[in-house]
Every structure is written in C-alpha cells, then in structure tokens.
Amino acid sequence: MSGPDLDLSRVWLVDPASGREGPGEIVVTDGILEAVTWLEGADADGIDDQGVIVVPGFIDLHTHLREPGNEDAETVATGLAAAAHGGFTTVVAMPNTAPALDEPSVLGRILGAAASSGSPVELLANGAVTVGRAGETLAALGELADAGVVGFSDDGSPVRSASILRNALAYAGALGLPIVDHPEDVTQTAGAEMGDGVVATVLGLRGWPVAAEATSVARAIAMLAEVLPDVPGARLHLTHVSTGESLALIRLAKARGWPVTCDITPHHLALTDEWVAGARRFAWDAVDADGVARDPWADGALLAAPYAASTRVNPPLRCAEDAMACLAALRDGTADAIATDHAPHAAVDKAVEFGEAANGISGIETAIGLVLAAVDAGELPLARAIAALTTGPALILGSRSRRGGAAGLVEGAPADLVVIDRSASWTVTAAGLASRGKNSPLLGMDLPGRVLVTLAGGRIAYESTDPG
Ligand SMILES: [Zn+2]
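In what follows, the accompanying structure is described. (Residues numbered from 1 in each chain as written. Predicted model: local features only at pLDDT ≥ 70, side-chain atom pairs only at ≥ 80, totals over all residues. Heavy atoms only, no water.)

### Quick look at the overall build of the protein
Threshold: Strands are runs of DSSP state E lasting at least 2 residues, helices are runs of H or I lasting at least 4, and numbering of each runs from the N terminus. Whether two residues are in contact is decided by their heavy atoms, any of which lying within 4.5 Å being enough. Only the protein chains shown count as cover for residues, and the accessible areas themselves come from Shrake-Rupley with a 1.4 Å probe.
Scanning the protein from terminus to terminus reveals 14 helices and 16 strands. For the protein, restricting intrachain contacts to residue pairs at least 6 apart in sequence, the fraction spanning at least 24 positions comes to 74%. Put simply, the protein shows about 16,600 Å² of open surface, and 52% of that area lies on carbon and sulfur atoms.

### So, the pattern of salt bridges
Under the convention used in this document: The term salt bridge refers to a side-chain nitrogen of Lys or Arg lying within 4 Å of a carboxyl oxygen of Asp or Glu. In this scheme, a residue with accessible area under 20% of its type's maximum is buried, one over 50% is exposed, and one in between is partly exposed, where area comes from a 1.4 Å probe on protein chains only.
Inspection of the entire model under this criterion finds eleven salt bridges. Close ionic contact of Asp332 with Arg251 constitutes a salt bridge, the shortest N to O distance being 3.1 Å. Pair noted here: Asp332 is in helix 11 (residues 320-332) and Arg251 is in helix 8 (residues 244-255), with a separation of 81 residues, a long-range link. Between Asp416 and Arg403 there is a salt bridge, and its shortest N-O distance comes to 3.5 Å. Here Asp416 is found in the loop between helix 14 (391-397) and strand 14 (417-427), whereas its partner Arg403 is found in the loop between helix 14 and strand 14, with 13 residues between them in sequence. In this pair, the class of Asp416 matches that of Arg403, namely buried. Each of Asp49, Asp376 and Arg422 takes part in a single network of salt bridges with overlapping partners.

### Structural notes on unusual backbone geometry
The linkage connecting Glu67 with the following residue, Pro68, adopts the cis geometry, with an omega of 5°. Residue placement: Pro68 occurs in the loop between strand 5 (58-63) and helix 1 (76-85). For the bond from Asn314 to Pro315, the omega torsion is -5°, close enough to zero to count as cis. The residue Pro315 is located in the loop between helix 10 (274-277) and helix 11 in this model. Positive phi, close to 65°, is recorded for Arg66, a residue that is not glycine. With respect to the helices and strands, the residue Arg66 is situated in the loop between strand 5 and helix 1. Despite not being glycine, His240 shows a phi value in the positive range, around 40°.

### Regarding the coordination of the zinc ion
To keep it simple, the criterion reads: Donor atoms (N, O, S) are those found within 2.8 Å of the metal centre, with the cutoff raised to 3.2 Å for Na, K and Ca; water is not part of the atom list, so apparent gaps in a site can occur.
All of the protein donors around the zinc ion are Asp155 (OD), His182 (ND1) and His240 (NE2); their distances to the metal are 2.0 to 2.3 Å. We note that the donor set of the zinc ion lies within a single chain, spaced as D-x26-H-x57-H. Residue His182 is located in the loop between strand 8 (179-181) and helix 5 (186-189), and its partner His240 is located in the loop between strand 11 (236-238) and helix 8; the two are separated by 58 residues in the primary sequence. Across the pair, exposure class does not vary: His182 and His240 are buried alike.

### Some details on helix 12 (residues 367-376)
Helix 12 sits mainly inside the fold: nine of its ten residues count as buried. Positive backbone phi, approximately 80°, marks Gly378, located one or two places after helix 12.

### With respect to the sheet that holds strand 2 (residues 20-29)
Cut-off, in case you're wondering: DSSP-based pairing: two strands are paired if at least 2 bridges between them are found. To get an axis, a line is fitted to the C-alpha atoms, and for a helix only the part in contact is used. The angle between two axes follows their N-to-C directions and goes from 0 to 180 degrees.
Read from one edge of the open sheet, seven strands run 3-2-1-4-14-15-16, paired in mixed fashion. Pairing within the sheet leaves two strands with one partner each, and these edge strands are strand 3 (32-38) and strand 16 (459-463). In this sheet, neighbouring strand axes are inclined to one another by 35° on average, regardless of whether the strands run parallel or antiparallel. Examined bridge by bridge, strand 15 (residues 446-456) and strand 16 share four bridges and lie antiparallel to one another. Bridge pairing links Thr454 to Tyr462 in strand 16.

### Focus: the pairing of strand 3
Pairing geometry for strand 2 and strand 3, over six bridges, is antiparallel. Across the sheet, the residue bridging to Thr29 is Ile32, located in strand 3. Taken together, strand 2 and the strand that follows it, strand 3, pair antiparallel across an intervening segment of two residues, in which Asp30 is found at a positive phi of about 50°.

### Considerations on the packing of helix 12 against helix 13 (residues 382-389)
Definition in use: Oblique is the label for every angle not falling under 35 degrees (roughly parallel), over 145 degrees (roughly antiparallel), or within 65 to 115 degrees (roughly perpendicular). Crossings are sorted by hand: turned counterclockwise from the far helix by less than a right angle, the near helix makes the crossing left-handed, and turned clockwise it makes it right-handed. Each residue gets one label: Ala, Val, Leu, Ile, Met, Phe, Trp, Tyr, Cys and Pro are nonpolar, Asp, Glu, Lys and Arg are charged, and the others, such as Gly, are polar.
One can describe the packing of helix 12 onto helix 13 by two numbers: an axis separation of 9 Å at closest approach and a directional angle of 155°. On the basis of their axis angle, the class for helix 12 and helix 13 is roughly antiparallel. As for the relative orientation of helix 12 and helix 13, their crossing is right-handed in sense. In this structure, helix 12 contributes Ile368, Val371, Leu372 and Val375 to the contact, and helix 13 contributes Leu382, Ala385 and Leu389. Class assignment of the residues belonging to the contact of helix 12 with helix 13 gives a composition of seven nonpolar, no polar and no charged.

### Quick notes on the nonpolar core
Test applied: For this analysis, a nonpolar core means a set of buried residues of the types Ala, Val, Leu, Ile, Met, Phe, Trp, Tyr and Cys, connected via side-chain atoms within 4.5 Å.
Ranked by internal contacts, the top residues of the largest apolar core, which has 100 residues, are Leu123, Phe152, Leu238, Leu269, Phe282 and Ile420. Of all the elements, helix 12 adds the most residues to this core, at eight residues. Contacts of Leu123, omitting those with residues within four sequence positions, involve Leu65, Val76, Leu80, Val91, Ala93, Ile110, Leu111 and Ala114. Formed by 15 residues, the second largest nonpolar core is a distinct cluster that contains Ile26, Leu33, Leu409 and Leu417.

Shown next, in the form of structure tokens:
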C-alpha cells in the first residue's frame, strides 16, 4: 500500500521535541517524513507563525468514544474521524462504556472497531480501576496491562474510596502505569448544577464548589505520597483539573518531586461560568485589568439564551479567575497536557432541563481552535500550546504509544503531523462536526485555525475538502 506524498515549502514548523520553531520545509514521500529543513537568512524572509504551520500530530489523553453501549452518541469510527478533523493522531479512550472496559475482551472490541474503521489514528485506552467502575473491587489490573491499556481510570467518577485508590496506585505503579483520577468529592457535588459563584446565584442554579475538586486532588496526592516509599513506580495523573486551588496543590506536589501529572481541557482554559448565563466571550476577555471576573450583565456580554445544556459539563465551567489560573498552569508547566474530555452525547440526553442534562462537551474538533484563540490573545506561547498537545501527553504515555514517548517531526519515520492554516477561521456547525455528538456551546461561532491535513502513522487521517 502506498502512502501519501506532501511537499510544503515556506511554512512555520513547531517541533517541541527538538525545542525548535521557525521557518522551514517538509517533504513526505510515500507516507514517510523524508525531510525536515529549517530555513535561515534570506530563505526565511517573510515566513511567520501567522500562516500555515506544521506541527506533530496531537495526542488526546482523555476521549470518550461511547462504544460499546452508546453508539447513538459516538462510535469508535466517528470518534476517530472527529479526532483526525481536530488534528489528533493518538487518542486515549476512557473506560466508562457499557460494559465498562474492566477486562481485556472489551479492549479487544474497541480495538477491533478501530481496525475496521480504517482510520490511521492510533487508539489507546485506559482500563477501569474497579470492576464495573463501581468503586468496590479492584479490576484485574495485571490482565488489563498485559492486554495493552495505558493507564487506569474510573473516569466519570473518582476512585471512590481512598483505600482502593491507595491499592490501585500501588498495583498500577508496580505495572509501570498511572492511575488517572477524575478529582471530585461526590459528597460535595450531589445535586450541583454549575460552577459555584455569582453567576450560579443569579441564575438560581445549585453551585458546584471548588473545594469538591481541591479536596479530591489533595486526597489523591496524599495517597500517592504514602505509596511511593514502597512502590517508587507509582504515578498519579489528575485529569480535567479546572481550579486554581487544585493547581496550587499540584504545583506543590511537583516541587516536592512527586510523580504527579495533570491535564486541562480546552473549555476550562477558554470558557467560563458566564457561558451558562449566555455570555460568549473568552476567559481573558471576561476579567478586568486586575484579573477579577467582570459582571456579564453589566457588560452587555450576554449574547445567547441562558441555561444552554451544551454548557453543562463535569467539572463545570468555572469562574474567569480559575480559567486564567489554568492558563498560568499551562505556561509554567504545572499542567503537562491539554486533553479534550471529548464527551459526545445524543441530542435526547441534552434536550432536558439544565440540571438534568448529561454532562459533557463534544470538543475534540474545536480543541485546537480554542487553544489558538488563547495563543492569539497572548495568553499562551504557540510552542508551549503545541507542546501541551504533543510532547507533554507523549511523555505520560511513554512506550505504550507507537510514537514511543516522543512526538516530534522525526525524519525517516512515518509522518505524524498536522498542517494548520492559522490565517483561516472556520465556523463551527453541527453538520461540520464529524462527531455524532453535536453538543457544543461553540456552534455558530468562528474559531481560528483551519486544519488542512492530518497525517497519522504515515497515512492521511483527514484532508480538508473546503477550497476556502
Ligand atoms: Zn471525568
């Protein structure tokens, strides 16, 4: 089978693996990245990072594919197509399917679905921590590790009990795999509807406290510290961290040298709780010069109807100060990765009262747009943003990914890269999303950065047919 050819001259290359960005050229021959050439002097004149950029394929540590069990919301095939449209060439599926991915046969089913989809996007998966994700008995972690899972998570829920979390960190650590925890103290969030704060009060919705996340983060870090002396390989990854309080705890744990990593979603760094009220401005436009959240009612920022179910997500959209803390954590390296928490839902599960709606945003296709909006606003350097989508998650996956713990523009390897036109914007529409989940608060909005081509494992995963 012959692979694609691609010859791009005078583009902007970003390669976090080699720590370089700048003007360059790439040649792909028969699917192999034949040449990466960095241009200097007069050859580089007139090339900047505002036009076509070429970056390594993105890695998503947190994707919900809904198969098996909820194929109305997404299938492996549609989820991988959505990933490729968003520039992702490796995705890690979460195990909260029905049945849960708590034994090797379920992994076999989704890998089979990926193979028959024909998609070249690499599909990896986390196994469940507990049987049926019920929080009571540890799943057969060793068998799941032998079958090829890249970590363990009860995502959708936290690992319920601290003692099970401790055992899981020890077992998984001995297997060389991380526990991927969804930090939430469910005793504090029962009945909660949206992020706690002024907006929730005005809207009359029950607030979801910051402490529900921070206390769960603190618990997980404390369990890790207890396990580490006996199991030096123990590793904790905290996913979709969304508050400044949680990030302060993670910053401290990292300063102590503990093996804690975390990811932040695009929606938690760019959107805020005022979106539930109908605002449609980004976090950096929602704070004043002192970094304090503005009043969306006083500002005339409300453009959409309130209570849109597409803005309901777990963890909830937080206040603007928390979103700015997420951006700061990405800049200073406290946050290792940007992960989408792509959570497609069938329309029926969102067409209900706000507090009853399913949690989640179909976000894998809009991730790069939100990240580039943050870059355009000066909130995130481009190279750091790309690193959080490539080398950051690659290090967490290590050798379990076919990309071997790295994600670079590597000459002689099967091409795994994304070509993005930063000078072009695109309008998010339900029809334009490859995902079956149309649950996005960004529908109708323009986002910067059009993905032109995604190559995964030396094959074409996505190619824009839009001549514009
Ligand atoms: Zn989660």
